[in-house]
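Observations on the model geometry
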Amino acid sequence: MSNLIFFGPPGAGKGTQAKKLVAQMDIPQISTGDILRAHRREGTALGKKAQEFMDQGLLVPDDLVIDMVDDRLGKADAQNGYVLDGFPRTVPQAVALDELLAKRGSSISRVLVLKVPDENIVARIVGRRMCKECGAVFHMEFSPPAVDGVCDSCGSSALYQRADDTEEKVRVRLTEYAHNTAPVAAYYAQRGIVREIDGVGDIDEVFSRLSAALED
Ligand code: AMP
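Anyway, here's the lowdown on the structure attached to this text. (Residues numbered from 1 in each chain as written. Predicted model: local features only at pLDDT ≥ 70, side-chain atom pairs only at ≥ 80, totals over all residues. Heavy atoms only, no water.)

1. What to know about the nonpolar core
Convention followed: Throughout, nonpolar core names a set of buried Ala, Val, Leu, Ile, Met, Phe, Trp, Tyr and Cys residues whose side chains join them through atoms within 4.5 Å. Here's how the labels work: a residue is buried when its accessible area is under 20% of the maximum for its type, exposed when over 50%, partly exposed in between, all with a 1.4 Å probe on protein chains only. Helix and strand assignments come from DSSP, with helices taken as H or I runs of at least 4 residues and strands as E runs of at least 2, each series counted from the N terminus. Should any heavy atoms of two residues lie within 4.5 Å, those residues are counted as being in contact.
Leu97, Ile108 and Tyr188 are the most contacted members of the largest nonpolar core, which totals 33 residues. Those elements giving two or more residues to this core turn out to be strand S1 (2-7), helix H2 (32-42), helix H3 (45-56), helix H4 (62-73), strand S3 (81-85), helix H5 (91-103), strand S4 (110-115) and helix H7 (167-189). Broken down by element, this core gets its largest block of residues, six residues, from H4. With sequence-adjacent residues up to four places away left out, Ile108 is seen in contact with Asn3, Ile5, Tyr82, Leu84, Leu97, Leu101 and Ile193. Ranked by size, the runner-up nonpolar core spans 21 residues in total, among them Ala12, Ala18, Leu114 and Leu174.

Below is the structure:
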């Protein structure tokens, strides 16, 4: 079974690569950022609590995110594997994930770490645009939509820039990553399930490196 974690700094390409892989493997992409944004759009209590943290580029408190993931992993489509994208983001989240997987007689099979230097991250993030309707991700310069402002995947013209995709917020998110998230890779490294992938290059190039890392 493929219970995968996509790991790396904001803007490393986790979401983009996860979308390609799940299309091929027929397992769901579970992005805690996407789920939180959906809660905000729907105005749920969780969405309201998460809002202030997200807009500042800070991490949402662990307990909120862990309960949300527990719920998501219980859904029928996640019983044959999944790609976790943006979770776990702290060591306590990784410990909680182990516990909730153990409860289900399951475990993480591989952690794929996308390595992208900080100097590339800012350019990637500030040029990023997302589709409000289907979540497809574009980049104004590196992977623009075929028709300006229109989503290639669903045809909607609801492409937007995330409120936390500004240079100022990226710096905060990179600090959060360095302090809270980077140590999660070391947590899994002792198990021999971590593979590092060079995340610099075009989308297909990175995807073939990633596919090779899943084979070994
Ligand atoms: P992302 O879409 O993965 O870049 O996440 C966007 C924002 O959602 C982050 O900056 C956090 O505020 C919040 N978030 C997403 N996933 C997590 C997580 N696992 N733990 C805490 N906060 C998260």
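2. Thoughts on helix H6 (residues 118-126)
Every α-helical turn comprises 3.6 residues, leaving residues that sit three or four positions apart pointing alike. Put simply, the rule is: This arc corresponds to the set of directions leading from the helix axis out to the C-beta atoms.
Every buried residue of H6 is accounted for by Ile121, Val122, Arg124 and Ile125. With its buried residues spanning 170° around the axis, H6 presents them on a single face. The inward-facing, buried residues of H6 abut strand S5 (128-131), strand S6 (137-139) and H7.

3. Notes on the sheet that holds strand S7 (residues 159-160)
The cut-off we apply is this: Strand pairing is assigned whenever DSSP identifies at least 2 bridges connecting the two strands. Axis definition: a line fitted to C-alpha atoms, over the contacting stretch in the case of helices. Angles run 0 to 180 degrees between N-to-C directions.
Read from one edge to the other, the open sheet built from three strands follows the order S6-S5-S7, with strand pairing classed as antiparallel. Bordering the open sheet on either side are S6 and S7, each of which pairs with just one other strand. Along the sheet face, H6 touches S5 and S6 and points at about 40° away from the line of S5.

4. Points about the side chain of Arg110
Structurally, Arg110 can be placed in strand S4. Once you skip the residues sitting within four places of it in the chain, Arg110 turns out to touch Asn3, Leu4, Ile5, Ile193, Arg195, Ala213, Leu214 and Asp216.

5. Observations concerning the environment of Tyr188
By the secondary structure assignment, Tyr188 is in helix H7. When its relative accessible area of 1% is taken as the criterion, Tyr188 is described as buried. A sequence separation of 94 residues divides Tyr188 from Ala94, and the C-alpha atoms of the two residues are 8.7 Å apart.

6. Some points on the side chain of Gln17
Defined as follows: In protein, a polar contact requires one atom able to donate a hydrogen and another able to accept it; more generally it is a pair of N or O atoms within 3.5 Å, and residues adjacent in sequence count only if both atoms are side-chain atoms.
Its place among the elements puts Gln17 in helix H1 (residues 14-25). Judged by relative accessible area, Gln17 falls into the buried class, the value being 3%. Polar contacts involving the side chain of Gln17 include one to the main-chain amide nitrogen of Phe207, which spans 3.4 Å. Setting aside chain neighbours within four positions, we find Gln17 in contact with Phe6, Leu114, Ile203, Val206, Phe207 and Leu210.

7. A look at the layout of surface pockets
To find leftover empty space, a probe the size of one water molecule is rolled over the atoms. Short version of the rule: A cavity here means a set of points on a 1 Å grid, drawn over the protein atoms and nothing else, where a 1.4 Å probe fits but cannot get out; a pocket is an open set with protein on both sides within 12 Å along at least five of seven lines, and a residue lines either one if it has an atom within 4 Å of a point. Grid points are joined across faces, edges and corners, and a volume is the space filled by probe spheres set on the points. Gly is placed with the polar residues, together with every amino acid not listed as nonpolar (Ala, Val, Leu, Ile, Met, Phe, Trp, Tyr, Cys and Pro) or charged (Asp, Glu, Lys and Arg).
Its volume calculated, the second largest pocket comes out at about 270 Å³. In this structure, the second largest pocket is lined by 15 residues; those nearest its centre are Asp34, Ile35, Arg41, Cys134 and Gly135. Where the lining of the second largest pocket is concerned, the elements lending two or more residues are strand S2 (29-31), H2 and S5. Considering each element in turn, the lining of the second largest pocket owes the most residues, five residues, to H2. Here the lining of the second largest pocket is composed, by residue class, of six nonpolar, three polar and six charged.

8. Describing the packing of aromatic side chains
Our working rule: When the centres of two rings from Phe, Tyr and Trp lie within 6.5 Å, Trp using its six-membered ring, the rings pair. Their planes under 30 degrees apart give stacked, over 60 give edge-to-face, and anything left gives tilted.
Inspection of every chain in the model, using the stated rule, returns two aromatic pairs. Ring plane angle 45° and centroid distance 6.0 Å describe the contact between Phe7 and Tyr177, whose orientation is recorded as tilted. Taken together, the residues span a long stretch of sequence, with Phe7 in strand S1 and Tyr177 in helix H7 at a distance of 170 residues. By the burial criterion, Phe7 is buried, and Tyr177 matches it.

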